[in-house]
Amino acid sequence: MHGGISCLPFPRPILFPDSPDHGKLGHGPPEHGEEQPAPGVHLATMHSKQPEGPCSGNQSCPRYASGVWYNLYARTRLGYLFYQRQVKKARERYPHGHSVPQPYCFPGVKILPIPVLSNNYSYLVIDTGSSQAAVIDPSDPLAVQAAVEEEGVMLEAIFCTHKHWDHSGGNATLCQKYNSCKVYGSALDAIPQLTNPLADREKVSVGCLTFEALATPGHTVGHMVYVLDGDPFGSPPCLFSGDLLFLAGCGRPFEGSPETMLASLDLAMSLGEDTLLWPGHEYALECLNFASLMEPDNSALEQKLQWAEQQRQEKRSTCPSTLGEEQTYNPFLRTHRPELQEALGLWQDRGEDLDTFRARVLKEVRRRKDLYQAT
């Protein structure tokens with residue numbers, strides 16, 4: 001096994017809702033961080049706290065929905081100053097990270113989630129044979145550097161899903177520290193220190209690891225996700241989704257239409273049900289509680305929520321999930337389901353194209369999610 005933090009056994013059981021063992025993974029150590037609700041108390045019954053990051057699409061402060069605020073954050077130096085404040089506060093509040101790191105290993109690969117800021121995840125992906133590594137979305141460069149040094153690996157690549165500071169703010173510092181490190185991402189986003197612009201479906205190798213970049217616009221115009229090919233290691237594909245897709249949620253379409261976001265979500269779902277989802281944020285409880293308001297009789301959703309509450313009470317990460325699981329409870333991926341359409345009071349108009357209707361359903365789910373966050 002590679003050095004640094006030891007891995008949980010892999011392959012991890014893929015627990016679908018019809019499995020009798022769904023939601024019954026073993027316990028982990030408690031984590032330092034914020035207080036969690038008592039057992040059995042759903043967060044939907046509590047006043048939600050205000051996360052610090054303004055741009056992923058799960059914030060509870062109404063001002064984050066403002067186009068003026070978004071433009072200031074995404075396109076001016078004020079955004080960088082806000083990000084620096086985020087980093088400082090998070091380091092003080094979560095000296096060991098907001099969640100306990102739970103690494104996963106395949107033969108030849110180690111994936112180390114790095115909890116950063118108040119709810120972000122960066123991911124260090126290691127080719128254990130060559131000790132070459134890549135990091136996805138390095139929010140806090142010191143946290144990433146500490147993981148690189150503890151694992152004893154060479155950081156060769158930074159993959160940025162998009163330009164927002166809570167996903168790209170560590171690029172400059174890490175490039176100064178690791179001179180051979182290249183920064184990959186879309187040329188359509190103003191990604192700091194970008195050295196290697198990627199086209200849709202372009203592939204990049206780091207040691208024996210192969211990542212494929214997929215253009216998934218909507219959250220930003222240049223948003224990309226990265227898919228690690230698992231075939232050489234006998235493992236499922238791994239989707240590093242940034243702010244496209246979360247456990248039971250998705251990011252706001254700040255720079256795209258519902259139709260654009262739907263197409264990006266459909267592209268992600270085409271990867272296959274066994275694909276492991278590694279999202280950019282720890283938003284499981286908020287997203288699952290919202291989803292339960294949409295579909296209160298969804299048994300898969302209820303089981304996943306109970307499991308997630310247990311995970312977070314013990315300060316453990318809720319990732320990865322699988323795309324197969326997500327289709328059973330994530331309302332943003334269930335726009336084709338009659339039960340969700342009925343819950344929203346929406347019906348397909350005569351002559352209306354199915355995808356046009358699904359985009360209308362997605363828009364309404366997003367509207368309700370934004371209202372839920374603002375309460």
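Going along each chain's sequence as written, the residues are numbered from 1 onward. Whole-chain, interface and lining totals are the exception, using all residues; otherwise, since this is a predicted model, local features are given only for residues with pLDDT of at least 70 and side-chain atom pairs are given and counted only at 80 or more. By convention in this description, side-chain values take in all heavy atoms of the structure and omit both hydrogens and water.

An unreviewed UniProt entry lists the chain under the name PNKD metallo-beta-lactamase domain containing, with Catharus ustulatus given as the organism. UniProt positions are given in the numbering used here, feature names are shortened, and annotations may be inferred rather than shown by experiment. The record in UniProt for the chain states the following under Sequence similarities (unreviewed entry): "Belongs to the metallo-beta-lactamase superfamily. Glyoxalase II family."

Q: Outline the overall build of the chain, supporting the account with residue identities and numerical values.
A: Only DSSP runs of H or I reaching four residues or more are called helices, and only runs of E reaching two or more are called strands; each is numbered from the N terminus. Across its full length, the chain carries 11 helices and 15 strands. The buried share of the chain, taken over its 375 residues, is 57%. We call two residues in contact whenever any of their non-hydrogen atoms come within 4.5 Å of each other. For the chain, the proportion of contacts with a sequence separation of at least 24, taken over those separated by at least 6, is 65%. Computed with a 1.4 Å probe, the accessible areas rest on the Shrake-Rupley method; for each residue, only the protein chains presented here act as cover. With an accessible surface of roughly 15,100 Å², the chain has 54% of that area assigned to carbon and sulfur atoms. To sort residues, take the accessible area from a 1.4 Å probe on protein chains only and compare it with the maximum for the residue type: under 20% means buried, over 50% means exposed, and anything in between is partly exposed.

Q: Just give me the short version of the packing of aromatic side chains, but keep the residues and values in it.
A: Here the aromatic set is Phe, Tyr and Trp, taking the six-membered ring for Trp, and pairing holds for ring centres within 6.5 Å; pairs whose planes are under 30 degrees apart are stacked, those over 60 apart are edge-to-face, and all others are tilted. Going through the model one piece at a time under the given rule, you end up with 16 aromatic pairs. Between Y70 and F254 the ring centres are 4.4 Å apart and the planes differ by 5 degrees, which places this aromatic pair in the stacked class. Within this pair, whereas Y70 is found in helix 1 (residues 67–75), its partner F254 is found in the loop between strand 13 (249–250) and helix 6 (258–269), the two being separated by 184 residues in sequence. The exposure class assigned to F254 is partly exposed, which follows from its relative accessible area of 22%. Consider the rings of Y104 and W278, whose centres lie 5.6 Å apart with planes at 65 degrees: the pair is edge-to-face.

Q: Provide a residue-level description of the sheet that holds strand 4 (residues 132–136), including the pertinent values.
A: In this analysis, strands are considered paired if DSSP registers two or more bridges between them. Overall, mixed pairing links the 7 strands, which are arranged 1-2-3-4-5-6-7 in an open sheet. Looking at which strands have only one partner, the edges of the open sheet turn out to be strand 1 (104–106) and strand 7 (196–197). With 5 bridges connecting them, strand 4 and strand 5 (residues 154–159) associate as parallel partners. Bridging across to strand 5, I136 finds its partner in F159. In this analysis an axis means a line fitted to C-alpha atoms, helices contributing only their contacting stretch, and an angle means the value between N-to-C directions, from 0 to 180 degrees. Sheet contacts for helix 3 (residues 141–151): strand 2 (109–116), strand 3 (120–127), strand 4 and strand 5; angle to strand 2, the most-contacted strand, approximately 150 degrees.

Q: Give me the lowdown on the sheet that holds strand 11 (residues 238–242), citing residues and values where you can.
A: Taken together, the 6 strands give an open sheet; going across it, the order is 8-9-10-11-14-15, and neighbouring strands pair in mixed fashion. With partners counted over all chains shown, the strands left at the sheet margins are strand 8 (203–206) and strand 15 (321–322), one partner each. When strand 8 meets strand 9 (residues 209–215), the two strands line up antiparallel, connected through 4 bridges. Bridge assignment links V204 to a residue of strand 9, and that residue is F211.

Q: Help me get a handle on the environment of A187, residues and values and all.
A: Relative to the helices and strands, A187 is located in the loop between strand 6 (182–185) and strand 7. A relative accessible area of 57% places A187 in the exposed class. On a C-alpha basis, the gap between A187 and G222 in space is 7.1 Å, while along the polypeptide they are 35 residues apart. Not counting residues within four places of it along the chain, the set of residues in contact with A187 comprises L194 and P197.

Q: Account for helix 6, with residues named and values stated.
A: Structurally, the α-helix is built with 3.6 residues per turn, so residues lying three or four positions apart point the same way. Helix span, expected: 1.5 Å multiplied by one less than the number of residues in the helix. Here helix 6 contains 12 residues, and its C-alpha end-to-end distance of 16 Å stays within 8% of the 16 Å for a straight helix at 1.5 Å per residue. Turning to helix 6, its buried residues number three or more, namely M261, L262, S264, L265, L267, A268 and M269.

Q: Tell me about the pattern of salt bridges, and name the residues and values.
A: Criterion for a salt bridge: a side-chain nitrogen of Lys or Arg within 4 Å of a carboxyl oxygen of Asp or Glu. Taken as a whole, this structure holds 19 salt bridges when the rule is applied. The salt bridge involving D266 is made with R358; its shortest N-O contact spans 2.9 Å. Highlighted residues: D266 in helix 6 and R358 in helix 11 (residues 354–374), separated in sequence by 92 residues. Here R367 ties to E364 by a salt bridge, and the two come within 2.8 Å at their closest N and O atoms. One end of the pair is R367 and the other is E364, both in helix 11 and 3 residues apart, which spans about a single turn.

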